[in-house]
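Examining the three-dimensional arrangement
Here is how the chains run, residue by residue.
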Amino acid sequence: MMVGKRHPRSSGQEVPAAAAVPLYGFQPPVGTPYGLEVSTVEDFFAQHDDWPWNPPRPGRATFHYLILVTEGELRHDVDHVTRTVAPGQWLWVRPGHAQCWHPPGAARGPFILFEPDVLRPDTARLLAPLTSHEAPAVLSPDPDDAAWLRQTALQLLDEHRALGRRPLDVHHALRRSLLESLLLRLANSPGITPADTATAGTSRGATYGRFVDALELHFRELHRAADYAELLGCSVRTLSRAARDATGKGVRELIDERRLLEARRLLGGARWEARAVAAHLGFTDPANFGRFFRDRTGLTPAAFATREATTGP
């Protein structure tokens, strides 16, 4: 299993321990091909008794975590909010989301990990509403789809374990086909906007799609349009045009919106201190973060946190 061998990428910036959420890359076991690994929750925990839940600590990944709970109940933090996943439900942690494991208890079920580029481009476009970071972390499929989804997930697990029975390219083609079929059916789940509706009038071009993926991974440390243009290998003008065509907003506005969303999550549900949030989001001076937050919400970070503490569940 690959997870115990992953190592966080260092940003080179000193931040308080509470604010440090390391980013992990995809490092499958030797012999596992093409950015896709399939296991089970029970095997995952049995093979790793010291990471990353002993003690529990948050992390981020550059790949997707997808778990179907077939027995028991799974608790998992996604973006600093504890989610409870019941039998028949799916947990989806997307690249860049902060996550933290809880002990699995009696939870059982298939566990799928895959990199975004495993999906073929045409399929990835169809799945954009499902794979976007705004999509729900817990999915409850339509009852008519539930049995089919479970069976397909088990077939994917079986094919993954069949490495060596078939030529490698055939093995991977089967795995990818099963994964894509599974995700396309899962996209019918309540709470997922249909692809044709999600893209109507706001064409999500290739450049903008790559920008959104990069933003989710790097909004904590990259804050300028030029940073993302360089990362994507395009000009600032090309990136700006792609963002405006898709959303009507500028690149900097989208970056600030993502940073603000993270700040609200951390100050509210996660109860972080403002200083830790400022460091986590790349502000060198907590006072600058205070002005950034107040200008966009009308509240200081402390006032926002107090309001959330008194009005939250």
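The sections below set out a description of the structure shown in this document. (Residues numbered from 1 in each chain as written. Predicted model: local features only at pLDDT ≥ 70, side-chain atom pairs only at ≥ 80, totals over all residues. Heavy atoms only, no water.)

1. Considerations on the overall build of the chain
- Along its length, the chain carries 13 helices and eleven strands.
- Going through the 313 residues of the chain one by one, you find that 48% of them count as buried.
- Looking at the chain alone, contacts between residues at least 24 apart form 71% of all its contacts between residues at least 6 apart.
- With the model as given, the accessible surface of the chain reaches about 14700 Å², and the carbon-plus-sulfur share is 50%. (Helix = DSSP H or I, 4+ residues; strand = E, 2+ residues; numbered from the N terminus. Buried < 20%, exposed > 50% of the residue type's maximum accessible area, 1.4 Å probe, protein only. Contact = heavy atoms within 4.5 Å. Areas by Shrake-Rupley, 256 points an atom, 1.4 Å probe, with all protein chains shown as cover.)

2. As for the sheet that holds strand β3 (residues 36–40)
- The five strands are arranged β3-β10-β5-β8-β11 in an open sheet whose pairing can be described as antiparallel. Each having just a single partner strand, β3 and β11 (138–139) make up the two edges of the open sheet.
- As judged from the five bridges shared by β3 and strand β10 (residues 110–114), these two strands associate in the antiparallel manner. In the sheet register, S39 faces β10, and the bridge partner there is F111.
- Those strands touched by helix α4 (residues 143–160) are β3, β5 (64–68), β8 (90–93) and β10, and its axis lies near 110° from that of β3. (Pairing = 2+ DSSP bridges. Axes fitted to C-alpha atoms, helices over the stretch in contact; angles between N-to-C directions.)

3. Digging into the packing of aromatic side chains
- One pass over the full model with this rule turns up 16 aromatic pairs.
- A centroid spacing of 4.9 Å and a plane angle of 40° characterise the contact between F44 and W101, whose relative ring orientation is tilted. You can see F44 sitting in helix α1 (residues 41–46) and its partner W101 sitting in strand β9 (residues 99–101), a full 57 residues away along the chain. The pair formed by F44 and W101 is uniform in burial state, with each residue classed as buried.
- In textbook terms, an aromatic cluster arises when at least three aromatic residues are bridged by ring pairs, as seen for F26, F44, F45, F63, Y65, W101 and F111.
- For the cation-ring pair, R259 lies above F283, with the distance from its terminal atom to the ring centre recorded as 4.1 Å. (Phe/Tyr/Trp six-rings, centres within 6.5 Å; stacked < 30°, edge-to-face > 60°. Lys NZ or Arg CZ within 6 Å of the ring centre and 35° of its normal.)

4. Considerations on the pairing of β3
- Within β3, five of the five residues are buried, which leaves the element mostly enclosed by the surrounding structure.
- Every second residue of β3 is oriented toward a common face, with L36, V38 and T40 on one face and E37 and S39 on the other, all of them buried.

5. Points about helix α7 (residues 206–218)
- Taking 1.5 Å of rise per residue, 13 residues should cover 18 Å, and α7 covers 18 Å from first to last C-alpha, within 8% of that figure.
- Looking at α7, one finds that the buried residues are Y208, G209, F211, V212, A214, L215, E216, L217 and H218.
- Close packing links the buried residues of α7 with β2 (23–24), β4 (60–61), α8 (225–232), α9 (236–247) and α10 (251–267). (Expected span 1.5 Å × (residues − 1).)

6. Regarding the pairing of β8
- What you see with β8 is no split at all: W90 and W92 on one side and L91 and V93 on the other are buried throughout.
- In the sheet, β5 pairs with β8 via four bridges, with the strands oriented antiparallel. Bridged to L66 within β8 is W92.
- Relative to β11, β8 runs antiparallel, the two sharing two bridges. The residue bridging L91 from the neighbouring strand is V138, located in β11.

7. A look at the pattern of salt bridges
- For the coordinates displayed, the defined rule picks out 13 salt bridges.
- K249 is the salt-bridge partner of E257, the closest N and O atoms lying 2.7 Å from each other.
- Measuring nitrogen to oxygen at the nearest pair gives 3.5 Å for the salt bridge that ties E262 to R258. Within this pair, E262 and its partner R258 are both found in helix α10, separated by four residues, close to a single helical turn.
- You can call R258 buried: its relative accessible area is 3%. (Salt bridge = Lys/Arg side-chain N within 4 Å of Asp/Glu carboxyl O.)

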